[in-house]
Amino acid sequence: MSLRSVPESMNPAVVAAVDAELDRVAAEHDVSIRLAIESGSRAWGFPSPDSDYDCRFVYVAGLETYLSPWRTRDVIESPLIGLLDVNGWDLAKALRLLVAGNAVLVEWLMSPIVYRGGESFRTRLREVAVEVADRDRIARHYLHLGARQWTLFERNGGLKKVFYSLRPAMALRWLREHPGAAVAPMHLPTLLSQCELPADLVAAIAELTELKSKTREMGSAAAPALIAAFIVDEFARATTEFESRGPRDLTSARAITAEFFRAEALS
């Protein structure tokens, strides 16, 4: 079954341009696009009126590409056109990064906005992600991502950066409250709804999100105190709760992802 989930609030002309660019990429590069999603602030649940359209996709190349001794690029990057940003990863690259603890593929699999893709592909890849994702490494990914954005906010200001810190902090909170899971939602409102949080914090986040949805340039200002305290506290907790470990045995994870990759490359 084919996937398609694009909200009516998105500009139809830009969505059509995304579809056209995906068609062009598939034809020009001779690849099969297995999943194409929105990965930016629109999918995260806090868009601005001028937010970019950040389409990301996973593709499978022709078998001759994988059998050739001459390596080719495992990334397809389209030129930026206005608000449109379309880029994708070869499935092999995506799986390697997943096993290494990078949370990006996990996020793509959890995006609420889907331009195209196979439902069975996404379902199976989600199952693979649940099996092989390293909870501590995924958490450390969010910690490093969020802490970097928070440092930039403290140094340069810009309230947009508060959201780029808040969402990783919320992902860390979600992982703490769901100790058996490694795959967190990417959508901020979903993270909020699935965590036990003080009502005044939820209200403060809702108010700032509403402001962002109506303001093209949020400017520089102090972060709301409740939100700032939450971000700082979650990052501090994550530093001690999610271990920074050395190399782990990847035998099982590599076998699982290799089996999945072979099945998709041959299909």
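Source: prediction; values computed, not measured.

Colleague: So what's going on with the layout of surface pockets? Which residues, and what values?
Modeller: For the largest pocket, the calculated volume is near 510 Å³. Lining the largest pocket are 24 residues; nearest its centre among them are Ser39, Gly40, Ser41, Trp44 and Tyr164. Secondary structure elements with two or more residues in the lining of the largest pocket: helix H2 (41-44), strand S2 (53-61), helix H5 (104-110), helix H7 (135-156) and helix H8 (160-177). In terms of residue count, H8 provides more of the lining of the largest pocket than any other element does, five residues in total. Looking at the second largest pocket, its volume works out to about 380 Å³. Of all the secondary-structure elements, those providing two or more residues to the lining of the second largest pocket are S2, helix H3 (63-67), strand S3 (75-77) and helix H4 (91-100). In the lining of the second largest pocket, the residues fall into eight nonpolar, five polar and eight charged.

Colleague: An account of the packing of H7 against helix H11 (residues 225-241) is needed here, citing residue identities and associated values.
Modeller: With their axes 10 Å apart at the nearest point, H7 and H11 run at an angle of 140° to one another. With respect to H11, the axis of H7 lies oblique. In the packing of H7 onto H11, the handedness of the crossing is left-handed. For the pair H7 and H11, contact is made by Arg140, Leu143, Gly146, Ala147 and Trp150 and by Ala228, Ile231, Val232, Phe235, Ala238 and Thr239, respectively. Class assignment for the residues of the contact of H7 with H11 results in eight nonpolar, two polar and one charged.

Colleague: Talk me through helix H10 (residues 199-214); I want residue IDs and the actual numbers.
Modeller: Counted at 1.5 Å a residue, the expected span for H10 with its 16 residues is 22 Å, and the 23 Å between its end C-alpha atoms agrees. Looking only at H10, the buried set comprises Leu201, Ala204, Ile205, Leu208, Thr209 and Lys212. One side of H10 holds all its buried residues, which, seen down the axis, span an arc of 135°. Exposed positions of H10 whose direction lies more than 90 degrees from the buried face are Ala199, Glu207 and Lys214. Residues of H10 that are buried in the fold lie against H2, H8, helix H9 (188-193) and H11.

Colleague: Break down the pairing of S2 for me, citing the residues and quoting the values.
Modeller: Along S2, nine of the nine residues are buried, which leaves the element largely enclosed by surrounding structure. Neither face of S2 is exposed, since Tyr53, Cys55, Phe57, Tyr59 and Ala61 on one face and Asp54, Arg56, Val58 and Val60 on the opposite face are all buried. Of the strand pairs in this sheet, strand S1 (residues 31-38) and S2 are connected by seven bridges, and their pairing is antiparallel. Opposite Glu38, over in S2, you have Cys55 as the bridge partner. The pairing of S2 with strand S4 (residues 84-90) spans seven bridges and is parallel. What sits directly across from Tyr53, in S4, is Leu84.

Colleague: Give a detailed account of the pattern of salt bridges, specifying residues and quantitative values.
Modeller: In the structure shown here, the tally under the stated rule is 16 salt bridges. A salt bridge links Asp134 to Arg248; the shortest N-O distance between them is 3.4 Å. Of this pair, Asp134 sits in the loop between helix H6 (119-132) and H7 while Arg248 sits in the loop between H11 and helix H12 (251-265); the two residues are 114 residues apart in sequence, bridging distant segments of the chain. Take Arg248: its relative accessible area is 24%, and that puts it in the partly exposed class. Through salt bridges that share partners, Arg173, Arg176, Glu177 and Glu234 make up one connected network.

Colleague: Report on the environment of Tyr66, specifying residues and quantitative values.
Modeller: Inspection of the secondary structure assignment puts Tyr66 in helix H3. What makes Tyr66 partly exposed here is its relative accessible area of 26%. Side chain to side chain, Tyr66 and Asp90 meet in a polar contact 2.8 Å long.

Colleague: Got a sec to walk through the packing of H6 against H12? Specific residues and values, please.
Modeller: Relative orientation of the contacting elements H6 and H12 amounts to 165°, with a least axis distance of 9 Å. The angle between H6 and H12 places the two elements in the roughly antiparallel class. Helix-helix and strand crossings are classified by hand; for H6 and H12 the assignment is left-handed. Residue-level inspection shows Phe121, Arg124, Leu125, Val128, Glu131 and Val132 of H6 in contact with H12, the latter providing Ala253, Ile256, Thr257, Phe260 and Glu264. In terms of residue class, the contact of H6 with H12 is built from seven nonpolar, one polar and three charged.

Colleague: Now, about the side chain of Ser51: what can you tell me, with residues and values included?
Modeller: Looking at the element boundaries, Ser51 is found in the loop between H2 and S2. Ser51 sits in the buried class, given a relative accessible area of 7%. Looking at Ser51, its side chain comes within polar contact range of the main-chain nitrogen of Ser48, at 2.7 Å. Aside from chain neighbours lying at most four places away, what touches Ser51 is Ser41, Arg42, Leu83 and Lys212.

About the thresholds
Residues numbered from 1 in each chain as written. Predicted model: local features only at pLDDT ≥ 70, side-chain atom pairs only at ≥ 80, totals over all residues. Heavy atoms only, no water. 1 Å grid on protein atoms, 1.4 Å probe; cavity = no way out; pocket = protein on both sides within 12 Å on 5 of 7 lines; lining within 4 Å. Points joined across faces, edges and corners; volume = space filled by probe spheres on them. Helix = DSSP H or I, 4+ residues; strand = E, 2+ residues; numbered from the N terminus. Nonpolar A, V, L, I, M, F, W, Y, C, P; charged D, E, K, R; others polar. Axes fitted to C-alpha atoms, helices over the stretch in contact; angles between N-to-C directions. Parallel < 35°, antiparallel > 145°, perpendicular 65-115°, else oblique. Left-handed = near helix turned anticlockwise from the far one by under 90°. Contact = heavy atoms within 4.5 Å. Expected span 1.5 Å × (residues − 1). Buried < 20%, exposed > 50% of the residue type's maximum accessible area, 1.4 Å probe, protein only. Arc of directions from axis to C-beta. Pairing = 2+ DSSP bridges. Salt bridge = Lys/Arg side-chain N within 4 Å of Asp/Glu carboxyl O. Polar contact = N/O pair within 3.5 Å; in protein donor to acceptor, adjacent residues only side chain to side chain.

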